[in-house]
Amino acid sequence: MTGLGLSLVRGAVTSPFKHAGRPGATLPATRETLPAARVAPGPLAAYEEICGFTGPDTLPLTYPHVLGFPLAMRLMTGRDFPLPVLGLVHTWIEITGHRVLHPSDALELTVYAEELTPHRRGTEVTVVTEARLAGELVWESRSGYLSRHATRAQDAPVSLPPAEEHAQDRPVSTPPPAEELPAVTEWRLPADLGRRYGAASGDRNPIHLHPVTARLFGFPRHIAHGMWTVARCLAEAGSGAEAGGPGRIRSVRADFKAPVLLPSTVTYAAEGAAFQVRGGSRVHLTGSMTREG
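Since we're looking at a predicted model, the values are computed, not measured. (Residues numbered from 1 in each chain as written. Predicted model: local features only at pLDDT ≥ 70, side-chain atom pairs only at ≥ 80, totals over all residues. Heavy atoms only, no water.)

1. Quick notes on the sheet that holds strand β8 (residues 264-271)
Read from one edge to the other, the open sheet built from ten strands follows the order β1-β3-β4-β5-β2-β7-β10-β9-β8-β6, with strand pairing classed as antiparallel. In the strand order of this sheet, the two ends are held by β1 (32-37) and β6 (183-189), each with one partner. Strand-to-strand, the axes of this sheet are offset by a mean angle of 20°, without reference to chain direction. Bridge count for β1 against strand β3 (residues 107-119) is four bridges, and the pairing is antiparallel. Across the sheet, the residue bridging to E32 is V111, located in β3. Most of the contacts of helix α3 (residues 63-76) go to β3, to which it runs at about 55°, and overall it touches β1, β2 (89-97), β3, β4 (122-133) and β5 (136-148). (Pairing = 2+ DSSP bridges. Helix = DSSP H or I, 4+ residues; strand = E, 2+ residues; numbered from the N terminus. Axes fitted to C-alpha atoms, helices over the stretch in contact; angles between N-to-C directions. Contact = heavy atoms within 4.5 Å.)

2. Overview of the pairing of strand β10 (residues 282-291)
Both strand β7 (residues 249-256) and β10 contribute to a ladder of seven bridges, which runs antiparallel. Following the sheet pairing, I249 is matched in β10 by R291. Pairing of strand β9 (residues 274-279) with β10 involves six bridges; the strand directions are antiparallel. Bridge pairing links Q276 to T286 in β10. Hairpin geometry of β9 and β10 is characterised by an intervening segment of two residues between the two adjacent antiparallel strands and by a positive phi of about 65° at G280.

3. Overview of the packing of aromatic side chains
Evaluated as defined, the whole model comprises five aromatic pairs. With centroids separated by 6.0 Å and ring planes inclined at 50°, the aromatic side chains of Y47 and Y197 adopt a geometry described as tilted. Of this pair, Y47 sits in helix α2 (residues 41-51) while Y197 is found in helix α4 (residues 193-201), placing the two residues 150 residues apart along the sequence. For Y47, a relative accessible area of 0% translates into the label buried. Note on W187 and W228: the rings are 6.2 Å apart at their centroids and 75° apart in plane angle, and the pair reads as edge-to-face. You can see W187 sitting in strand β6 and its partner W228 sitting in helix α6 (residues 226-237), a full 41 residues away along the chain. By relative accessible area, which is 4% here, W228 ends up buried. Sitting over the ring of Y112, R31 keeps its end group 3.9 Å from the ring centre. (Phe/Tyr/Trp six-rings, centres within 6.5 Å; stacked < 30°, edge-to-face > 60°. Buried < 20%, exposed > 50% of the residue type's maximum accessible area, 1.4 Å probe, protein only. Lys NZ or Arg CZ within 6 Å of the ring centre and 35° of its normal.)

4. Some points on the pairing of β3
Relative to β4, β3 runs antiparallel, the two being bridged by eleven bridges. Bridge pairing links E108 to R132 in β4. Once β3 ends, the chain turns through two residues before running back antiparallel as β4.

5. Some details on unusual backbone geometry
In this model, L262 is joined to P263 through a cis peptide bond whose omega is -10°. Within the secondary structure, P263 is located in the loop between β7 and β8. A positive phi angle, near 55°, is found at A134, a position not held by glycine. Within the fold, A134 resides in the loop between β4 and β5. Taking relative accessible area as the criterion, A134 reaches 84% and is therefore assigned exposed.

What follows is the structure, encoded as structure tokens:
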């Protein structure tokens, strides 16, 4: 079993003994690290193919998140982490690339929990992933994960399925209205997209793999990975940019709104720095990006 698989098992075992929202909860000072190592070419090639990256020999902006996700899972399933990993919802992500990265770069990864804040629907934790090259910070991301529980807010929470990396990884609900951006292209997402992305990224959460396993967690069908959706948007938006030159995407912020059921057809829409993914009238993801130059 892989390290990520062991973390998922550990999370299933420890989650029933954790109580989100308890007074005085604190975050662990632990920093999970991975020593400097070059990117394995096989998984990277599979990732680029499934996400649609076809540019020059540079590392996709989202890929260090994939490399660091097993560390994040190890952190969040530790005994001293105050929130149960079962039910955690990835609500947003911010990524900044401070320089162009290449597959030959030996990246050292660090993951830690930065902040624990009250939310009207529970408690939110911010998890930070950093990549360094020869000691220099070259890439970083911040992700918000929400643990929903009873609060004093008037709007009572609803039950959620087990641990998910993405806010798209939750039962279908009606998202708030969003401004409709001009359509750019349509994507037809096959039924095996979750299995293919899971094989490339290592994230084999059962809600992404088969209708039967997804139904165990409250979904009518299996769903696309939220981080696949972000990566596919960046691949589409950056298809004409030169490596390190004007137009290179330097940073991105994405907010996950609703799950993408598989198979399905969705629309990628964009205007200026803003982008979104929608299916019919339902908005699945909204985001914005900044570019070099």
